[in-house]
Protein chains: 2
Amino acid sequence: MERSEFLTAARAICGPAAVLSEPADMARFLTDWRGMFHGAALAVLRPASTAEVSGLMRLCHDQGIAVVPQGGNTGLAAGATPDESGHQVVLSLERMTAVREVDPRAMLVIAEAGVVLQHLREVVDDAGRLLPIAIASEGSATVGGVVSTNAGGSNVLRYGMTRDLVLGLEVVLPDGAILDGLRRLRKDNAGLDWKHLFIGTEGALGVVTAAVLRLVPRPSTRAVAFLRVAGLSAATDLLDMANTRLGETLTAFEVMAPFALKLVGTHFPVRPPGDPESWAVLIEVASSLPGVSDAFMEFVEAALAEGLVSDGTLAASEAQSNELWSIRERITEAEARAGASLKHDISLPVDAMARSLREIETALLALDPRLRVNLFGHLGDGNLHLNVLLAPESPRADITTLIHDRVARAGGSISAEHGLGQYRLADYVRLAPDAETDIARRVKRALDPDGGLNPGKALPM
Amino acid sequence: MERSEFLTAARAICGPAAVLSEPADMARFLTDWRGMFHGAALAVLRPASTAEVSGLMRLCHDQGIAVVPQGGNTGLAAGATPDESGHQVVLSLERMTAVREVDPRAMLVIAEAGVVLQHLREVVDDAGRLLPIAIASEGSATVGGVVSTNAGGSNVLRYGMTRDLVLGLEVVLPDGAILDGLRRLRKDNAGLDWKHLFIGTEGALGVVTAAVLRLVPRPSTRAVAFLRVAGLSAATDLLDMANTRLGETLTAFEVMAPFALKLVGTHFPVRPPGDPESWAVLIEVASSLPGVSDAFMEFVEAALAEGLVSDGTLAASEAQSNELWSIRERITEAEARAGASLKHDISLPVDAMARSLREIETALLALDPRLRVNLFGHLGDGNLHLNVLLAPESPRADITTLIHDRVARAGGSISAEHGLGQYRLADYVRLAPDAETDIARRVKRALDPDGGLNPGKALPM
């Protein structure tokens, strides 16, 4: 089939306006969020319904055309960017924007793949419940993308990853078959729980077209503190104390190295409170019980009395809570203003963390003494962003290899929350045990025998 | 290979005492917990290490001998009972009893498959954390069985199923290969999260030999109430109110029909408090904040004031809390004393529940007016145990078919928490969409191409 024939056939399925083939129209779908990867495409297809997705998938399958599914295109591992061949098709779900149902009594919401996360969170909030997925890209990220990448964020400590919130999925398989699993059940324990095949595999096994997401009670009270600690070990001790004393109310436990805070102070009109040479943690608690505020204050006082915390700021209002959060949230932007950097999304076993990171930093400086390490992240779940500010001609590949090798050796993950995409797949295959990558290959072959779905992303062939 | 040669080869791998071949020695492994299924076996193998499991699996694989993995043999769907051919081997994990590590700071425990759940819970409790899996069979159920069946229980409402607590697994594949995934990470988002292939699939894809389980903070305060309500709809309204007002502290929300409570009163020296013609709910809250007791009392008072609850008992002590729980826990035993029954482990969408159950009861009585329905369960997560007390020569198969058909039609599950095993596999295949069973078949063939691992359980071939 010639390109023109393919475009005609696609238009017959989803209408002419939904098939983009001009370079200018396709451009925004062909580069990843960070601008690291630039692809080409035969066409960008924008179906508006599950039936259209099914028809397009069957067409591509029959024609042997590889399909790259795409949501809000905010991924940080280029899992939704096509290769440079121009033979692949981008399947954008952005027109599937129906919130099919919000049911606060059943504590669930049913949304199509293209619904923007922030919008969905607001709809749920209006219904008196909470959709506890808190990621920086929520203004563009979509339900399909969040599910397909198993998005994390700053509330994982309390509510888990996106995977833990998915009750049911509707998926279109590579040959166009529709798996209708939009279950509204909290408990369904019938053999293989197949939805986990499609969560976190970045559209390499099937295209998520809609999801049932579990909601949680909306806390009535929250409290936030910004505390200075001596270092990462002290932060880990403080986390242990918070788990014991604050229990289920602990919602976020973020850590920031002094350098990360100085970056924010340099590039924004913000002065993070406390001694600028100290590490800091940002702790949030939230509860349906108003007593959480007093319990939190007692916790902070006890931590000060025990010398775990050197000084701290307890937010006195919602506005001040947001201000303290904005310090943490500005680190990424401040880093971007400081120049070129390499980002790593690692997790480490909590008790090995301080030592492993010291060793990594020492090794990095041996590689290139001009490097500066920007360290911050979700200590509460062992996930740190270990970003390296580069000097001109710093050895990029060596830096990432060094970090990934040492993280793997320490029992950590080189992809704590961002996913493998095309950015980390090769390193994953290099470092994971063969028995593990073999399982991934077998599942890929079982569900996508022709390898036409998002090749080169998430799963090895 | 003759049977005697096989036994010799197995003894060479795991020692002579670990290979049982006499009928008397094998008997306890060949009948399921409920005594519904009676199998035979070539041998019962009891390896004491992962290496021995691997060696035995390779031996069976090479000889084409089917393997039935078994934990504490407390499953309610006969997933661990061999068939009657005498050609299968039972692989009991009961000798793998090491708790490899308890780490309260990292909030995790690493235990081998044969560790008894109650023992593990106590070990974790001593370390100041909570392993939140609460099932009636904890005195015999093992870690391997709990993971392989994705056990539920009465705390799922708050903490999720076992699946939600598994951080890592060690698994032996059909050909003896060892998958070492004993990760200590809360966040590890690298492509296919393969551990979900082995959770809930009852050993039909691989044998779980050890698991890393996530722990949670141990609440310092709990409160329990036994409340009478007008019926299932009122109970559902009360659940909604509890979610809104008690939020994250809600730990259990159990419902019991009047008949279930009368059974307990008849067969035990216990008088459930309140009007015996009313339904009852048992609610438990628990928190790290002591204020939960007052909030709970206010909630009960508000429910009484709004007329949602007709009368109630709030436990004044731990002993009274346990007494109230024992009413709920005695239903199963009271039912057994009342005569023969058929058990169904269903879940239904919360809002369809009251109507669906009325229709099912009406249809059952049309089938056989002597039947009595014993209804109780975990309303908080939509999971009810719909058991039917039989009269002589009641049409057993028709009763189960009727219930399963109607539950499936209402969007429910015929296996909410007990699993498919061999008891429900045929009904699952009959009622599930073909696209879904096709996925299960493809995964089974990909991981167990010879079909030698627990055939006829959990997954269709």
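Structural data are supplied above this passage.
This write-up is about the structure you can find in this document. (Residues numbered from 1 in each chain as written. Chains lettered and ligands numbered in written order. Predicted model: local features only at pLDDT ≥ 70, side-chain atom pairs only at ≥ 80, totals over all residues. Heavy atoms only, no water.)

Turning our attention to the relation of the copies chain B and chain A. Taken as rigid bodies, chain B and chain A are interconverted by a rotation of 180° and an axial shift of 0.0 Å, the fit giving an RMSD of 0.0 Å. Each copy turns onto its partner about a two-fold axis. Most of the interface of chain B is mirrored in chain A, where 100% of its interface residues again form contacts. (Least-squares fit on C-alpha atoms with pLDDT ≥ 70 in both. Contact = heavy atoms within 4.5 Å.)

On to the packing of aromatic side chains, then. Residue and element names in this part refer to chain A. Across all of its chains, the model carries six aromatic pairs over all chains by this definition. Aromatic side chains Phe37 and Tyr423 sit 6.2 Å apart centroid to centroid with 80° between the ring planes, which places their arrangement in the edge-to-face category. Taken as a pair, Phe37 in the loop between helix 2 (23–26) and strand 2 (43–45) and Tyr423 in the loop between helix 14 (396–409) and helix 15 (425–431) lie far apart in primary sequence, 386 residues in all. Classification of Phe37 by relative accessible area gives partly exposed; the value is 23%. The exposure class of Tyr423 is partly exposed, given its relative accessible area of 25%. When the ring of Phe296 is compared with that of Phe299, the centres are 6.2 Å apart and the planes differ by 15°; the resulting orientation is stacked. Taken together, the positions of Phe296 and Phe299, both in helix 10 (residues 292–305) and three residues apart, correspond to about one turn of that helix. Accessibility classification places Phe296 together with Phe299 in one group, the buried group. (Phe/Tyr/Trp six-rings, centres within 6.5 Å; stacked < 30°, edge-to-face > 60°. Helix = DSSP H or I, 4+ residues; strand = E, 2+ residues; numbered from the N terminus. Buried < 20%, exposed > 50% of the residue type's maximum accessible area, 1.4 Å probe, protein only.)

The next thing to look at is the sheet that holds strand 2 (residues 43–45) of chain B. Residues and elements named next belong to chain B. As summarised here, the arrangement of the four strands in space is 1-2-4-3, forming an open sheet in which the pairing is mixed. At either margin of the open sheet sits one strand with a lone partner, and together these are strand 1 (19–20) and strand 3 (67–70). Together, strand 2, strand 3 and strand 4 (89–92) form the strand contacts of helix 3 (residues 50–63), whose direction differs from that of strand 4 by roughly 170°. (Pairing = 2+ DSSP bridges. Axes fitted to C-alpha atoms, helices over the stretch in contact; angles between N-to-C directions.)

Tracing the backbone through its elements, the reader meets Ser287 of chain A in strand 14 (residues 279–287). When its relative accessible area of 0% is taken as the criterion, Ser287 of chain A is described as buried. A distance of 2.8 Å separates a polar atom in the side chain of Ser287 of chain A from the backbone nitrogen of Leu289 of chain A. Of the polar contacts made by the side chain of Ser287 of chain A, one reaches the side chain of Glu248 of chain B; its length is 2.5 Å. Not counting chain neighbours up to four residues away, the residues in contact with Ser287 of chain A comprise Pro219, Ser220, Thr221, Thr249 and Val292 of chain A together with Glu248 and Leu289 of chain B. (Polar contact = N/O pair within 3.5 Å; in protein donor to acceptor, adjacent residues only side chain to side chain.)

Further remarks concern the interface of chain B and chain A. The partner chain A presents 80 residues to the 80 residues of chain B that form the contact. Of all residues in chain B, Arg105, Lys187 and Asn189 of chain B bury the most surface against chain A, accounting for 14% of the area lost on that side. Our count for the contact surface shared by chain B and chain A stands at 16 salt bridges. Residue Glu417 of chain A pairs with Lys187 of chain B through a salt bridge whose shortest N-O separation is 2.8 Å. At the junction of chain B and chain A, the tally comes to 43 residue pairs in polar contact (both at pLDDT 80 or more). Going through the elements one at a time, helix 6 (156–159), strand 9 (178–181), helix 7 (195–198), helix 8 (232–246), strand 14 (279–287), helix 10 (292–305) and helix 16 (434–447) of chain B are the ones with two or more residues in the side of chain B that touches chain A. (Buried area = accessible area lost by both parts, 1.4 Å probe. Salt bridge = Lys/Arg side-chain N within 4 Å of Asp/Glu carboxyl O.)

Moving on, we get to the environment of Met57 of chain A. Residues and elements named next belong to chain A. Within the element layout of this structure, Met57 appears in helix 3 (residues 50–63). On the accessibility criterion, Met57 (2% relative accessible area) is buried. Leaving out residues up to four positions away in the same chain, Met57 has contacts with Val67, Leu91, Val172, Leu173, Pro174, Gly176, Val207 and Leu453.

All names here are of chain B. Among the seven residues of strand 8 (residues 166–172), seven are classified as buried, and the element is accordingly described as predominantly covered. As judged from the six bridges shared by strand 8 and strand 10 (residues 207–214), these two strands associate in the antiparallel manner. Bridge assignment links Val166 to a residue of strand 10, and that residue is Leu213. Summarising the sheet, strand 8 and strand 9 pair through four bridges and their orientation is antiparallel.

What follows deals with the pattern of salt bridges. As enumerated under the stated definition, the model contains 60 salt bridges over all chains in all. For the salt bridge of Asp125 of chain B with Arg218 of chain B, the shortest nitrogen-to-oxygen distance reads 3.2 Å. Of this pair, Asp125 of chain B sits in helix 4 (residues 117–126) while Arg218 of chain B sits in the loop between strand 11 (216–217) and strand 12 (221–229); the two residues are 93 residues apart in sequence, bridging distant segments of the chain. We classify Asp125 of chain B as partly exposed; its relative accessible area is 35%. Residue class for Arg218 of chain B comes out partly exposed when judged on its relative accessible area of 36%. Put simply, Glu335 of chain B and Lys343 of chain B hold a salt bridge, and the shortest N to O gap is 3.0 Å. Put simply, Arg28, Arg46 and Glu94 of chain A are held in one network by salt bridges that share partners.

This part covers helix 4 (residues 117–126) of chain A. Residue and element names in this part refer to chain A. Those residues of helix 4 that fall on the buried side of the exposure criterion are Leu117, Leu120 and Val124. The buried residues of helix 4 all sit within an arc of 65° when viewed along its axis, so they share a single face. Two residues or fewer past helix 4, Gly128 is found with a positive phi of approximately 90°. (Arc of directions from axis to C-beta.)

Residues and elements named next belong to chain A. Here Glu112 shows up in strand 6 (residues 108–112). Glu112 sits in the buried class, given a relative accessible area of 11%. Along the primary structure Glu112 and Arg214 are separated by 102 residues, whereas in three dimensions their C-alpha atoms are 14 Å apart. In this structure Glu112 touches Met96, Thr97, Ala98, Arg100, Val143, Thr209 and Ala210, once residues within four positions along its chain are discounted. Within the structure, the side chain of Glu112 is placed 3.4 Å from the backbone nitrogen of Thr97, a separation counted as a polar contact. In terms of polar contacts, Glu112 uses its side chain to reach the side chain of Arg100, at 3.2 Å.

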